[in-house]
Amino acid sequence: MIAFISDIHANLAALNAVLADIDSLGTVERIFCLGDVVGYGPQPRECIDLVASRCKLILMGNHEHALLYGAYGFHAAAKRAIDWTRDTLQKVQPVAQRKAILELLQNLPIRHELGDLLLVHGSPRDPVMEYVLESDLWEGADPDKMDSIFAGFQRLCFVGHTHRPGVFTADRCFLPAGDLEDGFDVSDGKYLVNVGSVGQPRDRNPRACYTLYSGQAVYFRRVAYDIEDTAGRVREVEALDKRFADRLFRGE
Ligand code: ZN
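Keep in mind the model is a prediction, meaning the values are calculated, not measured.

This brings us to the packing of aromatic side chains. Per the stated rule, a full pass over the model turns up seven aromatic pairs. Taking 6.0 Å as the distance between ring centres and 35° as the angle between the ring planes, the aromatic pair formed by F4 and F32 counts as tilted. One end of the pair, F4, is in strand β1 (residues 2-5); the other, F32, is in strand β2 (residues 30-33), with 28 residues separating them in the sequence. Using a relative accessible area of 1% as the deciding quantity, one classes F32 as buried. On the numbers, 4.9 Å between centres and 70° between planes, the contact of Y40 with F244 is edge-to-face. Of this pair, Y40 sits in the loop between β2 and α2 (44-54) while F244 sits in helix α8 (residues 242-250), and the two are 204 residues apart along the sequence. Members of the aromatic cluster, each reached through a chain of ring pairs, are F4, F32, F158 and Y213. The cationic tip of R172 hangs over the ring face of F150; the distance from NZ or CZ to the ring centre is 5.1 Å. Across the ring face of Y40, the terminal group of R247 is positioned such that the distance to the ring centre comes to 5.8 Å.

Here you go:
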């Protein structure tokens, strides 16, 4: 079994709960992280350390990209959070540890192929930045977008980025994770799977989300965690918008 985690967003309580759930299964051989370990949340360093020690691979998310190259296209509060994250990481002691974190961030790959699986943060054609949304299937949306995205991978593509877990099918449907409680068979056909967000779910389910892949099917896992702990830490940091704390309770 493979576990995919994504969009942790410096939420250590959520990350710990997800890793404990993974460990409790006893069947997960490898964990892959699809990016956005930092941003919005209060514990970037702790999350980077833990993800680096537990994951086989970490991909570049748009928040890591913003940290390194500038938060272009971010709204003001998200940009402030990135600036605070950068400051926090620049103060990490000892210096060797600080350099190790910087080196890790600078060397994150933007895509990874695993047999017939493609792993990216955003989308196959724009691995770091592009959102693949349910609304891309609605009437009036650019009809070429999904065609081009589905042409960009061989069989299965695992993404994060939108914080909305579920499965996009080749015939242009979106099946939300909430409707797939017994898992979803992906052994036949072509699918794009959004693995959800560990640290900031946005599907109105506040529990941390991650995804298991058995080689045959995907299973979306929801894990309760101490939201109050993370929210309290967000509120203690002046530079982090208090709304980042409030939204955790609503899962949006
Ligand atoms: Zn994210």
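Let us now look at the sheet that holds strand β11 (residues 208-213). Reading across from one edge, β3-β2-β1-β11-β12-β9 is the order of the six strands in this open sheet, with mixed pairing throughout. Both outer strands of the open sheet, β3 (57-58) and β9 (184-185), are each paired with one neighbouring strand and no more.

Spatially, six strands are ordered β4-β5-β6-β10-β7-β8 in an open sheet, and the strand pairing comes out mixed. Looking at strand neighbours, the two that pair on one side only are β4 (111-114) and β8 (174-176), the edges of this open sheet. The sheet shows a mean angle of 20° between the axes of neighbouring strands, direction not considered. As paired strands, strand β7 (residues 166-169) and strand β10 (residues 191-194) are joined by four bridges and run antiparallel to one another. Note that in β10 the partner of V167 across the bridge is V193.

Below, the discussion takes up the environment of R235. Position of R235 relative to the elements: it lies in helix α7 (residues 227-236). Relative accessible area serves as the criterion here: at 36%, R235 is assigned to the partly exposed category.

In this structure, the amide linkage connecting Q93 to the following residue, P94, adopts the cis form with an omega of -10°. Looking at the secondary structure, you find P94 in the loop between α4 (76-90) and α5 (95-106). With a phi angle near 65°, H163 is a residue other than glycine that sits in the positive phi range. The phi angle at R172 is positive, at roughly 65°, despite the residue not being glycine. If you trace the backbone, R172 turns up in the loop between β7 and β8.

Let's shift gears to the coordination of the zinc ion. In an ideal octahedron of six donors the angles at the metal are 90 or 180 degrees, and in an ideal tetrahedron of four donors they are 109.5 degrees. Those donors, D7 (OD), H9 (NE2), D36 (OD) and H163 (NE2), are the protein atoms that reach the zinc ion, and they lie 2.0 to 2.3 Å from it. Viewed at the metal, the four donor atoms of the zinc ion are separated by angles of 84 to 174°, and the geometry they form is irregular.

Parameters and conventions
Residues numbered from 1 in each chain as written. Predicted model: local features only at pLDDT ≥ 70, side-chain atom pairs only at ≥ 80, totals over all residues. Heavy atoms only, no water. Phe/Tyr/Trp six-rings, centres within 6.5 Å; stacked < 30°, edge-to-face > 60°. Helix = DSSP H or I, 4+ residues; strand = E, 2+ residues; numbered from the N terminus. Buried < 20%, exposed > 50% of the residue type's maximum accessible area, 1.4 Å probe, protein only. Lys NZ or Arg CZ within 6 Å of the ring centre and 35° of its normal. Pairing = 2+ DSSP bridges. Axes fitted to C-alpha atoms, helices over the stretch in contact; angles between N-to-C directions. Donors = N, O, S within 2.8 Å, 3.2 Å for Na, K, Ca; no water. Tetrahedral: all angles 85-135°; square planar, octahedral: opposite > 155°, others 65-115°.

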